[in-house]
Amino acid sequence: MTDILDRLFRQARTHNGWTGQPVTGDMVRALYDLAKWGPTTANSNPARFVFIRSAQAKARLMPHINAGNVDKVAQAPCTVIIAGDTRFYEAYDTLFPSRDMRSVFEGKEALIAETVARSSTLQGAYFIMAARALGLDCGPMSGFDAAGVDGEFFPDCRWKVNFLCNIGHGQPEALHPRNPRLDFDKACLDL
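If you look the chain up in an unreviewed UniProt entry, it shows as Putative NADH dehydrogenase/NAD(P)H nitroreductase HHL08_03980 from Sphingobium psychrophilum. Looking at the chain in UniProt, the text filed under Cofactor (unreviewed entry) is "FMN". As stated in UniProt under Sequence similarities (unreviewed entry), the record for the chain gives "Belongs to the nitroreductase family. HadB/RutE subfamily."

Once the charged atoms of two side chains with opposite charge are near each other, the side chains can pair. Considering all chains together, one arrives at ten salt bridges under this definition. Here R7 makes a salt bridge to D137, at a shortest N to O gap of 3.6 Å. Remark: D137 occurs in strand 3 (residues 137-141) and R7 occurs in helix 1 (residues 2-10); sequence separation between them is 130 residues.

Before going further, it helps to spend a moment on the UniProt feature "domain: Nitroreductase" (unreviewed entry) in the chain. In the numbering used here, UniProt assigns the feature "domain: Nitroreductase" (unreviewed entry) to residues 13-168. Secondary structure over residues 13-168 splits into 42% helix and 19% strand, and the C-alpha atoms at its two ends are 12 Å apart.

On to the nonpolar core, then. By size, the foremost hydrophobic cluster in this structure holds 18 residues, and its most contacted members are L31, V80, I82, F127, C165 and I167. Sorting the residues of this core by element identifies helix 2 (25-35), strand 1 (47-52), strand 2 (78-85), helix 7 (109-133) and strand 4 (159-168) as the ones contributing at least two each. The biggest single contributor to this core is helix 7, with four residues. If near-sequence neighbours (up to four positions away) are discounted, L31 is found in contact with F51, F127, A130, A131, L134, L136 and I167. One finds V50, I52, V73 and A83 within the second-largest nonpolar core, a separate group that totals 16 residues.

Criteria and cut-off values
- Residues numbered from 1 in each chain as written.
- Predicted model: local features only at pLDDT ≥ 70, side-chain atom pairs only at ≥ 80, totals over all residues.
- Heavy atoms only, no water.
- UniProt positions renumbered as here; feature names shortened; annotations may be inferred.
- Salt bridge = Lys/Arg side-chain N within 4 Å of Asp/Glu carboxyl O.
- Helix = DSSP H or I, 4+ residues; strand = E, 2+ residues; numbered from the N terminus.
- Core = buried A, V, L, I, M, F, W, Y, C linked by side-chain atoms within 4.5 Å.
- Buried < 20%, exposed > 50% of the residue type's maximum accessible area, 1.4 Å probe, protein only.
- Contact = heavy atoms within 4.5 Å.

What follows is the structure, given as structure tokens:
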């Protein structure tokens with residue numbers, strides 16, 4: 001159990017440098033098939049994942065990456081766009097067949113936006129944990145032009161980028177010293 005907790009949390013790091021080992025199609029399918037099981041608001045599952053593995057796809061992404069992140073993305077064998085589908089409710093016949101959940105969301109833009117923001121972020125976190133559980137390292141990041149990414153990859157405006165995450169096998173020598181975290185008494189109330 002300690003090994004699992006170390007891999008997922010205590011020894012897990014945000015990687016910035018990568019080995020040349022590829023991330024295969026089988027790996028990304030296994031990763032999604034594990035991450036999809038995490039809970040979301042009313043089983044909405046609004047996250048959408050775009051796996052950027054080819055040179056052509058990477059060339060489309062690079063103009064939208066901030067200068068400080070260009071090398072990280074260029075080196076990574078796979079960069080994942082974690083996005084949210086603003087029409088997630090259209091899948092409710094599959095995702096919640098026992099109840100008419102579509103009518104709960106359809107036409108309610110504020111509720112849709114809130115659900116997409118919260119649940120696609122949760123799903124992005126599940127994705128990171130699933131990647132780590134499968135032996136991959138992660139480098140989640142902001143530092144990109146969201147409007148540019150959306151325009152390049154989602155011109156119909158249905159999906160909206162939330163964040164990016166490089167995945168692969170990290171180079172430990174490229175890690176920065178680990179920053180501290182807040183202790184329980186600074187971050188929690190136990191009422």
